[in-house]
Amino acid sequence: MTTTLETAGTLELSLSPDLSGDSWMAVCEEARLTPGRGVAALLPDGRQVAVFRDRSGRTYAIDNRDPFTGAQVLSRGLVGSAGGRPFVASPLLKQRFDLETGRCLDDDGVAVAVYPVRTK
């Protein structure tokens, strides 16, 4: 799920990737996100989420854990697009993850969790 930057507000993230509950957590002021760069957010249960804003103002949140190495590094990856799909490339082994679906663009059998985001 994505949101488009229209007015600055607080970026919130759903604590359940499938929206099965109504638990949202404030992450940061959306204006603090630098387009094209990621930040890591720590969830109450200890998981980490990588949050991104692209150059057009859309925000995304995916699991910060690189499934190929186990390292919490996706928030430090390079943001780009392929075939109109936004992705982040892991800074370690360079696999690309679709920011909308979490699917690995380089290995169809691998994906990361995607978290809905909204601005309040």
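As a reminder, the structure under discussion sits directly above these lines.
Since this is a predicted model, take the numbers as computed values, not measurements.

Colleague: Can you walk me through the overall build of the chain in this structure?
Modeller: Scanning the chain from N- to C-terminus turns up 0 helices and 10 strands. N-terminal to C-terminal, the α/β element order of the chain is β-β-β-β-β-β-β-β-β-β. Every one of the 120 residues in the chain was classed for burial, and the buried ones make up 42%. Within the chain, contacts between residues at least 6 apart in sequence are counted, and of these 41% link residues at least 24 apart. In the structure as shown, the chain presents an accessible area of about 6200 Å², 47% of it carried by carbon and sulfur atoms.

Colleague: Which parts of the structure should I look at to understand the pattern of salt bridges?
Modeller: Once their charged atoms are close, side chains differing in charge can pair, the charge on each being opposite to the other. According to the stated counting rule, one finds 7 salt bridges in the structure shown. Note that Asp 98 and Arg 85 form a salt bridge whose closest N and O atoms lie 2.9 Å from each other. Of this pair, Asp 98 sits in strand β9 (residues 96-98) while Arg 85 is found in strand β8 (residues 85-89), placing the two residues 13 residues apart along the sequence. Since its relative accessible area comes to 2%, Asp 98 is described here as buried. The exposure class of Arg 85 is partly exposed, given its relative accessible area of 30%. In this structure, the salt-bridge partner of Asp 108 is Arg 103, at a minimum N-O distance of 3.1 Å. A single network of salt bridges, built from pairs that share partners, joins Arg 85, Asp 98 and Glu 100.

Colleague: Before we go on, may I ask you to explain the sheet that holds strand β3 (residues 24-29) in this structure?
Modeller: Within the open sheet, the 3 strands sit side by side as β3-β2-β10. Their pairing is antiparallel. Edge strands, defined here as strands with exactly one partner in the open sheet, are β3 and β10 (117-119). Ignoring which end each strand starts from, the neighbouring axes of this sheet average 30° apart.

Definitions and cut-offs
- Residues numbered from 1 in each chain as written.
- Predicted model: local features only at pLDDT ≥ 70, side-chain atom pairs only at ≥ 80, totals over all residues.
- Heavy atoms only, no water.
- Helix = DSSP H or I, 4+ residues; strand = E, 2+ residues; numbered from the N terminus.
- Buried < 20%, exposed > 50% of the residue type's maximum accessible area, 1.4 Å probe, protein only.
- Contact = heavy atoms within 4.5 Å.
- Areas by Shrake-Rupley, 256 points an atom, 1.4 Å probe, with all protein chains shown as cover.
- Salt bridge = Lys/Arg side-chain N within 4 Å of Asp/Glu carboxyl O.
- Pairing = 2+ DSSP bridges.
- Axes fitted to C-alpha atoms, helices over the stretch in contact; angles between N-to-C directions.

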